[in-house]
Amino acid sequence: IFKTNQTYFKNINSLSPATFLKIDTKIKLLPKKYWKPKFEEEKNLSYTDVVEMTKVSLINAVKLRMRSDVPLAFCMSGGVDSNSLISISSKVLNCDVHGFTIVNTDTRYEEQDLINKAVSKLGIRHTEVKLSKKNFLSNLEKLVISHDAPVSTISYYVHWQLMEQVRKYNYKISISGTAADELFSGYYDHHLFYLASVFKNKEIFNESKRNWIKHVSPYVRNKFLKDPERFINDPDFRDHIYTGKDLSGILKKNFSESFEEKDFEVSLLRKRMLNELFYESVPVILFEDDANAMHYSIENRSPFLDSKLFESSLKIPTQYMIKHGRAKSVLRDAMKNIVPDQILDSYRKVGFNAPIEGLLDTKDKVIKESILDNSSIYEIVKRKNIEEILNQDKITNETSKFLFSFLGTKIFLENFN
């Protein structure tokens with residue numbers, strides 16, 4: 001809507017050429033949000049209501065994303081997210097499903113057993129993509145140039161390899177499970193934010209704490225998330241997000257960045273999930289996923305980001321988000337008799353990841369020399385520390401993440417600086 005000469009016009013196309021030529025004042029555009037979600041739980045909803053609402057919303061979201069004139073491929077893991085989408089497409093919508101999976105030999109990320117069971121139960125086509133150390137640095141250079149930026153994490157290099165295989169099978173659309181964690185809970189810190197959110201309800205809290213100790217804590221590697229009352233005692237604690245601080249000594253200049261979080265008038269768990277959805281995890285994932293997919297002329301679709309599904313997820317009372325020590329309890333129960341039970345019953349959170357050792361041959365002298373060769377990155381990072389990392393027999397998880405970020409930044413500076 002714009003105003004000119006005291007006359008309001010809803011659309012510039014409503015003006016005749018003669019009238020348009022007479023306009024001698026500036027047109028002022030008035031921005032207006034077309035959609036604003038309601039961040040408010042519906043306390044009167046029963047758990048059964050919430051499960052049914054989620055089931056219907058997710059099926060509709062998947063059905064909408066399955067519209068296509070060409071065949072679709074699915075990114076597949078052993079988790080609830082991707083298997084919910086695949087199972088709905090196969091069992092509910094009767095679609096011909098082809099899943100693509102990264103095969104990982106590292107026990108921290110390997111899900112082969114669950115994937116095999118899902119493929120067998122659902123009777124779908126399945127293609128495994130094995131990680132390889134061949135041409136890693138040259139491939140990473142292609143990816144950095146394609147993205148016009150360093151690649152955020154090693155997960156997106158792995159995803160890029162997955163998209164390469166999807167394209168080889170002539171698929172032009174891929175379906176991913178992005179944002180399920182941010183809508184229904186899923187990360188290990190979510191369990192502790194949940195405990196803090198239900199702390200005042202002693203019955204729910206005590207039972208949930210027992211379940212966390214029994215079923216979840218054995219899988220938690222982050223040292224800051226070993227205490228189930230972490231966020232009860234300190235609701236603003238966020239150091240667990242920056243576990244790589246110990247590596248800051250590798251930089252030539254001291255660097256620190258304060259953590260910022262947008263406030264929402266919701267529970268502590270919801271606040272964390274909404275920040276991940278709008279400002280942290282999901283924006284990065286979408287940028288990287290879309291860039292990887294479009295590198296191979298593939299369209300990336302994410303059914304969990306359906307607006308109606310998101311609105312329905314906001315209605316879920318926080319106390320329903322985790323049950324019996326399992327995150328995504330609502331999603332799991334909504335998918336009963338659709339997703340294989342072995343997937344729904346698993347407590348382990350793996351994530352789409354890989355170790356740097358599965359891609360980079362640090363024992364190769366030529367590769368090591370190329371990494372340590374003269375580069376503008378060494379104006380920022382101490383070369384000696386990088387050499388020490390490359391000489392390690394076993395690279396820790398945090399060091400693996402740092403080394404990948406270092407390599408991506410090094411390549412970016414050498415190509416764009």
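Being a predicted model, the structure only gives us computed values, none of them experimental.

Moving on, we come to unusual backbone geometry. You will see that Ser297, though not glycine, has its phi angle at about 60 degrees, which is positive. Structurally, Ser297 is set in the loop between α12 (281–295) and β7 (299–301).

All right, on to the pattern of salt bridges then. By the definition in use, this model includes 18 salt bridges. One salt bridge in this structure joins Asp393 and Lys363, with 3.8 Å as the shortest N-O distance. Here Lys363 lies in the loop between α15 (341–344) and α16 (365–372) and Asp393 lies in the loop between α17 (383–390) and α18 (397–416), a separation of 30 residues in the sequence. As far as the burial class goes, Asp393 and Lys363 line up, both exposed. Connected via shared salt-bridge partners are Arg238, Glu261, Asp263, Lys271, Arg272, Glu276 and Glu280.

Time to look at the packing of aromatic side chains. Each aromatic ring pair is characterised by the separation of its centres together with the angle its planes make. Per the counting criterion, the structure on display carries 19 aromatic pairs. Counting every residue linked through ring pairs, the aromatic cluster contains Trp35, Phe39, Phe264, Phe278, Tyr279 and Phe310. Cation over ring: Arg230 sits above Phe237, and NZ or CZ is 4.3 Å from the ring centre. Directly above the aromatic system of Tyr47 lies the positively charged group of Lys323, at a separation of 4.9 Å from the ring centroid.

What follows is about the pairing of strand β4 (residues 98–103). Consecutive residues of a regular strand have side chains that alternate between opposite faces of the sheet. Burial within β4 is extensive, with six of its six residues counted as buried. Burial along β4 is two-sided: the face carrying His98, Phe100 and Ile102 and the face carrying Gly99, Thr101 and Val103 are both buried. Between the parallel pair strand β3 (residues 72–75) and β4, the chain is carried across by helix α3 (residues 80–92), and the sense of this crossover is right-handed. Relative to strand β5 (residues 125–130), β4 runs parallel, the two sharing six bridges. The partner of Phe100 across the bridge, within β5, is Thr127.

This part takes up the nonpolar core. Counting residues in hydrophobic clusters, the biggest one holds 68 residues, and the most contacted among them are Leu58, Phe231, Phe304, Ile316 and Met335. Counting residues per element, this core draws most heavily on helix α2 (residues 47–65), which supplies seven residues. Non-local contacts of Leu58, meaning those with residues more than four positions away in its chain, are made with Ser84, Leu85, Ile88, Phe304, Leu309, Leu331 and Met335. The next biggest cluster of nonpolar side chains, apart from the first, holds 46 residues, and it includes Val158, Met163, Ile389 and Phe404.

Quick look at helix α4 (residues 112–122) now. All of the buried residues in α4 are Gln112, Leu114, Ile115, Ala118, Val119 and Leu122. The buried residues of α4 occupy an angular sector of 165 degrees when projected down its axis, which confines them to one face. Set apart from the buried face of α4 by more than 90 degrees, the exposed residues are Ser120 and Lys121. Close packing links the buried residues of α4 with α3, β4, β5 and α15.

Attention now goes to the side chain of Ser174. As for its placement among the helices and strands, Ser174 is situated in strand β6 (residues 173–175). Residue class for Ser174 comes out buried when judged on its relative accessible area of 1%. With residues up to four places along the chain from it excluded, the contact list for Ser174 reads Ala73, Met163, Ile298, Glu299, Asn300 and Arg301.

Tracing the sequence through the fold places Ser132 in the loop between β5 and α5 (136–147). The class of Ser132 is partly exposed, set by a relative accessible area of 30%. Among all residues touching Ser132, those that are not within four sequence positions of it are Gly358 and Leu359. A polar contact of 3.1 Å, which involves the side chain of Ser132, links it to the backbone nitrogen of Lys134.

Another point: the confidence of the model for the protein. The predicted model of the protein has a mean per-residue pLDDT of 90, with 90% of residues at 70 or higher. Mean pLDDT values over the elements of the protein span from 50, in strand β1 (residues 2–4), up to 98, in α2.

Pairing is parallel across the open sheet formed by five strands, whose spatial order is β5-β4-β3-β6-β7. On the outer flanks of this sheet lie β5 and β7, each paired with one strand and no other. Sheet twist, expressed as the mean angle between neighbouring strand axes with direction ignored, is 30 degrees. One ladder, built from two bridges, connects β3 with β4; its direction is parallel. Following the sheet pairing, Phe74 is matched in β4 by Gly99. Of the strands in this sheet, β3, β4, β5 and β6 touch helix α6 (residues 154–168), which is tilted by about 140 degrees from β4.

Definitions and limits used
Residues numbered from 1 in each chain as written. Predicted model: local features only at pLDDT ≥ 70, side-chain atom pairs only at ≥ 80, totals over all residues. Heavy atoms only, no water. Helix = DSSP H or I, 4+ residues; strand = E, 2+ residues; numbered from the N terminus. Salt bridge = Lys/Arg side-chain N within 4 Å of Asp/Glu carboxyl O. Buried < 20%, exposed > 50% of the residue type's maximum accessible area, 1.4 Å probe, protein only. Phe/Tyr/Trp six-rings, centres within 6.5 Å; stacked < 30°, edge-to-face > 60°. Lys NZ or Arg CZ within 6 Å of the ring centre and 35° of its normal. Right-handed = clockwise from strand over helix to strand, strands pointing away. Pairing = 2+ DSSP bridges. Core = buried A, V, L, I, M, F, W, Y, C linked by side-chain atoms within 4.5 Å. Contact = heavy atoms within 4.5 Å. Arc of directions from axis to C-beta. Polar contact = N/O pair within 3.5 Å; in protein donor to acceptor, adjacent residues only side chain to side chain. pLDDT = per-residue confidence, 0-100. Axes fitted to C-alpha atoms, helices over the stretch in contact; angles between N-to-C directions.

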